[in-house]
Amino acid sequence: MMWRWIYLTALLPAALTSPTPSSLLNTTTISGPCHIFNSGRSADCKGRLLETVPSTQFPSTLEEIDLSSNKLQAVHADDFLRLPRLRVLLLNFNNISHIDSDAFKHNTLLEHLDIFNNSLQEIPATALSPLSNLKKLFMSNNLYKHATLSHSFSKFTKLQELSMGGPLVMGLRKADFQPLKNIRLFIFQIKCSSNLSYYEPGSLRVIQTLNMGFDMAIDQRPNALHDMLRDIANKTFGIIQFRNLFEFMYYMGEDDIFQGLTNVTAHQLIFHRGKFNENLMRMALMNLQEGTVRNLRLQYIDFARSPTFVDSGGSSSITNLALNKLELWYISNPDVLRFDWRFTWFNKIQHLSIQYVYFNSVPCDSWSEMTAVETLDVSNNRLNDQSLFNQRCHYEGTMPNLHTFKLSTNELTSLKDLSSLTREFQQLQELDVSNNKLGSAAGSQGCVWQKSITQFIAHHNKFESDSLQCLPTTVQRLDLSYCELDQLDMAYFQRATNLRELILSGNKIKFIPSKWESPSLQTLALDGNSFGLISKASFQHMPQLAQLKAGNNPYHCTCELHAFIEDTTSKGKVNLTDWPENYRCYHPEPFLNTVISKYLPGQLACDIRLVIIICVTTTALVIFILMLLCYMFDLPWYTKATFQIIRAKYRAHKEKAAGEAGRFTYHAFISYSHSDADWVRDQLLPCLESNKNPYRLCIHERDFMPGRWIIDNIIDNIENSRKVIFVLSRHFVNSEWCNYELYFAQQRAMGKTFSDVILVVKEPIDPSSLPSKYCKLKKMLSTKTYLEWPQQVNQQAFFWAQLKSVLGKPASTRERGQSVRSRTSSTGGISVIGPLMDDRKAEETPDGDAMKWNNEETSNMRQIPIMSSKLQGAMETLIEVFHSYSGKEGDKFKLSKAELKTLLHEELSIIMAASKDTMVVDRIMSDLDENKDGQVDFQEFVVLVAALTVACNEFFVEEKGK
């Protein structure tokens, strides 16, 4: 029925308690067109195009049946025969034209019957008579020709809601409702024809109801309204509604048909639909000024100007309409707001609501007239910034009592203009600007708000982050939901110190700042945003936070999130209002759509302190084990020795001339300690080098090249020796250089089972007493036959025979090159290198540059044996020649290129003259200058003389032979 929604305030409690499929838990489905649910107590047959009642499908336990919106034509006696528990039966919106007199005989518990909008030609009084428990009976909008109730209706003492009548009821008579004179109703609705023909005075006088609804047009009999108002006078009503009072034409008469309103007492008067002009409107309002009605609603009114209206001055205006609430909804013409060309009828209205009138301008004089308005609701119109805030108007002192201002669903874009308007409203507390176009940074500059504002509702706008600075900072409740915010301006929340409730639902916020300060915030809604991370640090600066709604976000299920949930749910300080059903994992993919309450990571995965402790402990343990292994196996020593080999190999690759493949310079390299040098010189060398076919042996005292790195000498000579002889003794084990020689020999012998290594034990050694770094030597002493030096003289000859047998026959060796860069003398006896290498007692701590011989070391040599005076004279001459040319252009100990050229041309004129190379001096300079300093020192000069001497040796020998 159309009128029922008008009584929303009265019917709402009943509507909320009415059974619906969505509110019922237990469902059972039986084969048939209807849906049986609520454990067999309810049946939904609505809109199934049924032509007959499917009674065979109904269980006897049914209490509620909805058969509305079908094609039923009749209700038969056996349709509800087996339903003794039936309490609610809905048969509205069918085509029922007949109801059997026994149709409800067995349904005596029926409380709610709805046969609205059918085709009944008579009120089914006989069929209804058994229903003594009826509370709600809706039977209007049928084809009744009269509205007379039978005497049986007097038995419906429990009846609360009754609607009756129809489009064919031409009028009302005094006897029509006599059976209801002793029944107190909650709602009574009467519908008559659009062409009301008669109304007998006193027809409605017997009706006792709290809410009265008239659905009848008085176009043809407007004076009938006098009688109707007289019948309901001196009664108290909650709601009185007139629907379609003038359905087809505007009232043009001069008689005041609303004169009876002054005697009507009602909480609310509603005019729903119908045509109103200025005259009719004035009649109604002028009588309401004198009456007791305090709430007026005009909705869906077709308003028009009266062409005969004459403005006769102030007396024609409505100036004393003291209403608690005035609601103007869905008015066809915005002119209704100033129907008499003034706004004086608003000056005593406390709560004014103007919705769906679609006005788009607010004249300046309207603000000054609304002096008593406390709540102004102009939502759902077409107001823009210019029409709402007219800079030509003076707003100072206007709206002195306004505390709630609702501007929802308009076309506002500027927060600045809005603040300029409302800052004059001294009592303003709540401002609703939702569903507008506010929030642009351009329209949000320089805002000054009234400090009394405590609620700011702005959901469904388009706010930019910078525009938050334009919001009032005195608010206690702020609603910015669905405003497309992607980030928050923390500076605003630091200034909004009174903020207690913040709603940010449905935005696009991507992250929650960890330094969000809002000391007074108690309720926060962040559901339906785009952030995936949230932690305890996110709200640590909100000490008063008690309620948090943060579901429906794409959460990353991490330890941080788990810690936040655990801390929040366990302490109970913050209540997650939508936990747990709205909290689901979005990342990582294996946890997609997993309820966060079921995400339980392990303690090790989430406790960073435990992970750090384990990592540190493990690392320390590994380092300790490595250090222990290094100590046990002398790894640093092996590392250093390997580095020396690699470095020496690299230098040898750059400096050493390629040797003849498969040939050796020495038969054996002898490694011994300085303490065993006498035995080597006095015993070993004479025995092996004094034979007819002598062995060519290499010892460091004699055969190491001066000026080279010791390591290079060791490696180079070991590589150029066929065998390596180690003279083992206690002193050998304690010698650092011997350790190097042994290690290098081991590296050379890698893969050859140490067949080139000969061990000569000079004195007994216990292999178990050797240091750990001599693991190879221990193995060789345990697995390889070694030679032991006998102390008895008669056994020594056999020792030498064994040694020579191991060395093999002294086959020819490769002569050591006589190039400029190879200066090692290999003649018999002890060379000048010997005294230097005897100094290996200082060798035990070799490092870097100390391993290279220099002039300072040479000065510490033992005295060289006296040479022949002829050779000594040659040497002195050589020195004098060098220094006679050096130092003329710079360093006195070096030759520049010009000095070298002068020396060559003056001292070697014949050789230079024989050369046809014009660049000969440059080439010599390049060859001699090893350190590339552009000068030739004495050592480099001697190399030149030595090379020339070697080149000339053969010539002088041949000449001397002649």
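Predicted model, so just to flag it, every value in this text is computed and none were measured. (Residues numbered from 1 in each chain as written. Predicted model: local features only at pLDDT ≥ 70, side-chain atom pairs only at ≥ 80, totals over all residues. Heavy atoms only, no water.)

**Quick word on the overall build of the chain**
Scanning the chain from N- to C-terminus turns up 26 helices and 38 strands. Counting the 962 residues in the chain, one finds 47% classified as buried. Restricting to contacts in the chain with at least 6 residues of sequence separation, those with at least 24 account for 66%. Summed over all atoms, the accessible surface of the chain reaches about 47,400 Å², with 53% contributed by carbon and sulfur. (Helix = DSSP H or I, 4+ residues; strand = E, 2+ residues; numbered from the N terminus. Buried < 20%, exposed > 50% of the residue type's maximum accessible area, 1.4 Å probe, protein only. Contact = heavy atoms within 4.5 Å. Areas by Shrake-Rupley, 256 points an atom, 1.4 Å probe, with all protein chains shown as cover.)

**Some points on the pattern of salt bridges**
In the structure shown here, the tally under the stated rule is 19 salt bridges. The residue Asp 227 makes a salt bridge to Arg 230 at a minimum N-O spacing of 2.7 Å. Of this pair, Asp 227 and Arg 230 both sit in helix H3 (residues 224-231), three residues apart, which is roughly one turn of the helix. Its relative accessible area of 18% is what places Asp 227 among the buried residues. (Salt bridge = Lys/Arg side-chain N within 4 Å of Asp/Glu carboxyl O.)

**Things to note about the state of the cysteines**
One pass over the structure, following the stated rule, counts four disulfides. Here Cys 34 connects covalently by a disulfide to Cys 45, the sulfurs 2.0 Å from one another. Since a negative S-S torsion denotes a left-handed disulfide, the Cys 34-Cys 45 link at about 115° is right-handed. With Cys 34 in the loop between helix H1 (8-17) and strand S1 (35-37) and Cys 45 in the loop between strand S2 (42-44) and strand S3 (64-66), this pair connects stretches of sequence that are eleven residues apart. Assessed through its relative accessible area of 4%, Cys 34 is described here as buried. Shown here is the disulfide that connects Cys 557 with Cys 585, its sulfur atoms set 1.7 Å apart. The disulfide joining Cys 557 to Cys 585 has a torsion of about -85° about its S-S bond and is therefore left-handed. (Disulfide = S-S within 2.5 Å.)

**Side note on a nonpolar patch on the surface**
Among the surface-exposed residues, Leu 621, Val 622, Phe 624, Ile 625, Leu 626, Leu 628, Leu 629, Tyr 631 and Met 632 lie close enough to one another that they form a single nonpolar patch of about 900 Å² accessible area. Secondary-structure assignment places Leu 626 in helix H11 (residues 608-633). (Patch = residues over 30% accessible without salt bridge, like charges linked within 9 Å, V, L, I, M, F, W, Y side chains within 5 Å.)

**Points about a positive patch on the surface**
A contiguous patch of positive charge on the surface is contributed by Lys 437, Lys 462, Lys 508 and Lys 510. Structurally, Lys 510 is set in the loop between strand S26 (501-503) and strand S27 (523-525). (Lys, Arg positive; Asp, Glu negative; His and termini not counted. Charge placed at Lys NZ, Arg CZ, Asp CG, Glu CD.)

**Considering the confidence of the model for the chain**
Of the residues in the chain, 82% reach a pLDDT of 70 or more, and the chain-wide mean stands at 81. Throughout residues 1-28 the model reports pLDDT below 50, and contacts reaching past four residues in sequence, or to other chains, amount to 51 contacts. Counting contacts from residues 817-868, a segment whose pLDDT is below 50, to residues more than four positions away or on other chains yields 87 contacts. (pLDDT = per-residue confidence, 0-100.)

**Some points on the environment of Glu 560**
The topology assignment puts Glu 560 in helix H9 (residues 559-571). The exposure class assigned to Glu 560 is partly exposed, which follows from its relative accessible area of 45%. Linking Glu 560 and Lys 536, residues 24 residues apart in sequence, is a C-alpha distance of 8.1 Å. When neighbours within four sequence positions are excluded, Glu 560 is seen to be in contact with Ile 534 and Ser 535. Of note is the side chain of Glu 560, whose polar atom sits 3.4 Å from the side chain of Ser 535. (Polar contact = N/O pair within 3.5 Å; in protein donor to acceptor, adjacent residues only side chain to side chain.)

**A word on the environment of Arg 41**
Within the secondary structure layout, Arg 41 lies in the loop between S1 and S2. Its relative accessible area of 34% is what places Arg 41 among the partly exposed residues. The sequence separation of Arg 41 and Arg 85 amounts to 44 residues, and the corresponding C-alpha distance is 8.9 Å. Residues within four places of Arg 41 in sequence aside, it is in contact with Thr 61, Leu 62, Glu 63 and Glu 64. Within polar-contact distance, the side chain of Arg 41 engages the side chain of Asn 38 at 2.9 Å.

**Some thoughts on the packing of aromatic side chains**
With the rule as written, the count across this model stands at 32 aromatic pairs. A centroid spacing of 5.2 Å and a plane angle of 70° characterise the contact between Phe 153 and Phe 156, whose relative ring orientation is edge-to-face. For Phe 156, a relative accessible area of 0% gives the class buried. Between Trp 679 and Trp 789, the ring centres sit 5.1 Å apart and the planes meet at 75°, which makes this aromatic pair edge-to-face. Taken together, the residues span a long stretch of sequence, with Trp 679 in helix H13 (residues 677-689) and Trp 789 in the loop between strand S36 (787-788) and helix H19 (796-807) at a distance of 110 residues. In this structure, Trp 679 and Trp 789 share a single accessibility class: buried. Cluster of aromatic residues (ring-pair linked, three or more members): Phe 214, Phe 242, Phe 258, Phe 271 and Phe 276. Note that Arg 173 overlies the ring of Tyr 198, its terminal NZ or CZ placed 4.6 Å from the centroid. Across the ring face of Tyr 300, the terminal group of Arg 273 is positioned such that the distance to the ring centre comes to 5.1 Å. (Phe/Tyr/Trp six-rings, centres within 6.5 Å; stacked < 30°, edge-to-face > 60°. Lys NZ or Arg CZ within 6 Å of the ring centre and 35° of its normal.)

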